[in-house]
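Fold and contact review
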Amino acid sequence: MAVVVTVTVVVALVTTWVAETRQAVVAGSRAHIGTGVWLNSCGPGEGDGAVYPSSDDVVAIQTVRNDARWEVEVVSEEPEAFRFGRLAEHRRDDVRLPEFEAGPPDAETSDRVVIPPGREVAMWIVDPLQEVTFSGGYSAISTVPVRVTSLGVSHETTIELHHPIWLGGGEFDKDRLEAAFEEVCDELNG
């Protein structure tokens, strides 16, 4: 009887631990889209996001948060497009995003980061759709492939971007697009 109870408890603990580690790393609370145009959730898209013309270099930052009760290591599966900034010295600085004109210096980022419980780090997004060729239309990226290691166990997963990145197949006037979205939002919000 004691063996059955012990095995049941161990299985329950392992199941809980696996479930928590798979859901530990999520999109954080902050984003900066660089030269992109915000697609406000009151506009024609689903949720917030950013759109870039095909001629622009996509450079954006979104934070990544660890919701687990223990630290996790996150490794980018596509480090040429998704890289992590350094962990801030103080928790209050986790959501302070750096100002930028172009991509980050290589010395300031890494393909991997260890995130303590409840903390956030900046994830740089630089030209994530480099291999896509366009003949019009749009392509989007809404997830980031990563490998998460927690308590010695590693698994592949994705981080859902809080703000998807859209890349246009043509050119557009960003100022006119922003004005059009503001007009739509004003009409919808009455």
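Heads up: these notes are all about the structure in this document. (Residues numbered from 1 in each chain as written. Predicted model: local features only at pLDDT ≥ 70, side-chain atom pairs only at ≥ 80, totals over all residues. Heavy atoms only, no water.)

Things to note about the sheet that holds strand 1 (residues 25-32)
Cut-off, in case you're wondering: Two strands are counted as paired when DSSP detects at least two bridges linking them. Only runs of H or I of at least four residues qualify as helices and only runs of E of at least two qualify as strands under DSSP, and these elements are numbered from the N terminus. An axis is simply a line fitted to the C-alpha atoms; with a helix, the fit covers only the stretch in contact. Between two such axes, the angle follows the N-to-C directions and lies from 0 to 180 degrees.
The sheet built from 4 strands is open, its strands ordered 1-4-8-6 with antiparallel pairing. Unpaired on one side and paired on the other, strand 1 and strand 6 (82-84) mark the two borders of the sheet. Each strand of the sheet is rotated relative to its neighbour by a mean of 35 degrees, with strand direction disregarded. Sheet topology places strand 6 next to strand 8 (residues 120-126); 3 bridges connect them, and they run antiparallel.

Quick word on the sheet that holds strand 10 (residues 153-168)
As summarised here, the arrangement of the 6 strands in space is 2-3-10-9-5-7, forming an open sheet in which the pairing is mixed. On the outer flanks of this sheet lie strand 2 (37-39) and strand 7 (112-115), each paired with one strand and no other. Taken over all neighbouring pairs, the strand axes of this sheet differ in orientation by 35 degrees on average, direction set aside. Both strand 2 and strand 3 (residues 49-52) contribute to a ladder of 3 bridges, which runs antiparallel. Its bridge partner being in strand 3, Val37 is matched across the sheet by Val51.

Overview of the pattern of salt bridges
This is how it is decided: A side-chain nitrogen of Lys or Arg and a carboxyl oxygen of Asp or Glu constitute a salt bridge if their distance falls within 4 Å. Exposure is judged per residue with a 1.4 Å probe applied to protein chains only, and the accessible area is read against the type maximum: over 50% gives exposed, under 20% gives buried, and values in between give partly exposed.
Under the defined criterion, the tally for this structure stands at 7 salt bridges. The salt bridge involving Asp111 is made with Arg112; its shortest N-O contact spans 3.4 Å. What makes Arg112 partly exposed here is its relative accessible area of 40%. Of the charged contacts, one joins Glu156 and Arg147 as a salt bridge, the two residues approaching to 2.9 Å between their closest N and O atoms. Taking relative accessible area as the criterion, Arg147 reaches 27% and is therefore assigned partly exposed. Residues joined by salt bridges that share partners form a network here, namely Glu73, Asp111 and Arg112.

What is shown is where atoms sit, not what they do.
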